[in-house]
Each structure stands twice: as C-alpha cells, then as structure tokens.
Amino acid sequence: MKNILFLFLFILFSCETKSQQNSKANNDLPNYRILQVKNYIKGKNYNQDLAIFINFRIPSNRFRFFIYDLKNNKILEKAIVSHGSGSVIKGSKELKFSNIENSYQSSLGKYVIMNSYVGTFGKSYRLKGLDKTNSNALKRAIVLHSYHCIPDTETQNPACLSLGCPMLSPQFFKITANYIDRSEKKILLYAFY
C-alpha cells in the first residue's frame, strides 16, 4: 500500500512539475503571439512551419530568442539576444523602442528575414520591417548577426548592447543560420514587448 501511495505522489509531483514548465514556456512565448504570426503568414509566401520570436519582456541575460515549430507548436531552440543601447531607460528595468534612425533602439514588430551577406560582423541577415513600428529597419541597417560578447547560456549579468540589431552568440548564430538557410521560403521574425 505504501508503494502505491508513493507511486501516486511521484506521478502527481511529476505532472505538476511538467505543468509548471509548460506554464513557464507559455509565459516566455505567449500563445496569442504565436497565433498572431500564424494568422499573418496564412496564405502568404512565408515559411508556414517555422518562425522566430524575440520576447523583449524577458531580461537580456535570460533566453528570449525562440526558434519555434508552428506545425507542432513547440520551441525548437532558445538563446540570449541583445537589444539596442538606446532602448535602455536609466534606473529602470523597462525598455523603450523606436523606428527612428540613429536612435540605437530596438524596434518591435514583424520582420521578414532577407538575404545574408558578409559584413563587419561576418555573416548577417538583413531584416525588412513589416509594421509601422519597424518599417525603417532596412534604412537603419537593422540586421540579425552574431557578436562575441553575447553568451551561449543564461547568466547573472545583462547581455552586451547593440546599436539596435538583435545580436546572438557566434555559436547560436550558426544554429539559427542553419534553419534560415535550409528554409525554401522566407522566415518571419516577430519581436514583441
């Protein structure tokens, strides 16, 4: 009888732990944000199975860049990603965002990940803004690229800042590039707060 009770408690605890993990995942990547992307890409010439999300509500030292399987509704990869130095509000944990050139702020909204090129930071991907909040991304040279000061794992300290670009660690950038380069259709990136 004790064994059965122990087994029951073990299963109950395991279920609660999984439920807490799923609830945390939903906080990191809210379902309504996923739904917004699914509705936006429906019937359009974008990759229907894969999207990338950046949740700027999560601190920069935590995983907040998500490669997401839209078909099976699961996070495939997650990483640290920077935000712009101009997005920092002194003395606050809040961030501010802009679409203005030379603001050095990150921009919110949907982007289509365009062609890659080799520039100052090595291989990079141009980002074309699809919303009023990020329509100047090409003019501002907002690109997805890697930088050595971005860590691979969650840390105690905030990630280094960019001039408005989402920057990944060199290691994780390679993983992301693999997904992007293998995709026959353009992938949508959605940055939200």
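Everything quoted here is computed from the prediction, not taken from an experiment.

J.: I'd like to hear about the pairing of strand β8 (residues 186–192), residue by residue, with values.
T.: Taking burial as the measure, the seven residues of β8 include six buried ones, the bulk of the element. Judged from the six bridges that link them, strand β1 (residues 46–55) and β8 form a sheet pairing that is parallel. Within β8, the residue paired with N55 across the bridge is F192.

J.: For the pattern of salt bridges, give the residues involved together with the corresponding values.
T.: The tally for this structure, following the rule as stated, stands at four salt bridges. The partner of K110 in a salt bridge is D131, with the nearest N and O atoms 3.2 Å apart. Of this pair, K110 sits in strand β4 (residues 109–119) while D131 sits in the loop between β5 (122–129) and α3 (137–140), placing them 21 residues apart in sequence. The exposure class of D131 is partly exposed, given its relative accessible area of 21%.

J.: Describe in detail the sheet that holds β1, supporting the description with residues and values.
T.: The mixed open sheet is built from eight strands, whose spatial order is β3-β2-β1-β8-β4-β5-β6-β7. On the outer flanks of this sheet lie β3 (74–79) and β7 (167–168), each paired with one strand and no other. Two elements, strand β2 (residues 65–69) and β3, share five bridges in a ladder whose sense is antiparallel. Bridging across to β3, F65 finds its partner in A79. Seen against the sheet, helix α4 (residues 170–182) touches β1, β2, β3, β4, β5, β6 (143–146), β7 and β8 and runs at an angle of roughly 60° to β5.

J.: Quick one: what's the story with the layout of surface pockets, residue by residue and with numbers?
T.: The volume enclosed by the largest pocket comes to roughly 390 Å³. Forming the boundary of the largest pocket are 20 residues, of which P59, S60, H83, K93 and L95 lie nearest the centre. Taken together, the residues of the lining of the largest pocket break down into ten nonpolar, six polar and four charged. In this structure, the second largest pocket encloses a volume near 320 Å³. Counting only elements with at least two residues in the lining of the second largest pocket, the list comes to β4, α3 and β6. Tallied by class, residues from the lining of the second largest pocket come to eleven nonpolar, eight polar and three charged.

Definitions and limits used
- Residues numbered from 1 in each chain as written.
- Predicted model: local features only at pLDDT ≥ 70, side-chain atom pairs only at ≥ 80, totals over all residues.
- Heavy atoms only, no water.
- Buried < 20%, exposed > 50% of the residue type's maximum accessible area, 1.4 Å probe, protein only.
- Helix = DSSP H or I, 4+ residues; strand = E, 2+ residues; numbered from the N terminus.
- Pairing = 2+ DSSP bridges.
- Salt bridge = Lys/Arg side-chain N within 4 Å of Asp/Glu carboxyl O.
- Contact = heavy atoms within 4.5 Å.
- Axes fitted to C-alpha atoms, helices over the stretch in contact; angles between N-to-C directions.
- 1 Å grid on protein atoms, 1.4 Å probe; cavity = no way out; pocket = protein on both sides within 12 Å on 5 of 7 lines; lining within 4 Å.
- Points joined across faces, edges and corners; volume = space filled by probe spheres on them.
- Nonpolar A, V, L, I, M, F, W, Y, C, P; charged D, E, K, R; others polar.

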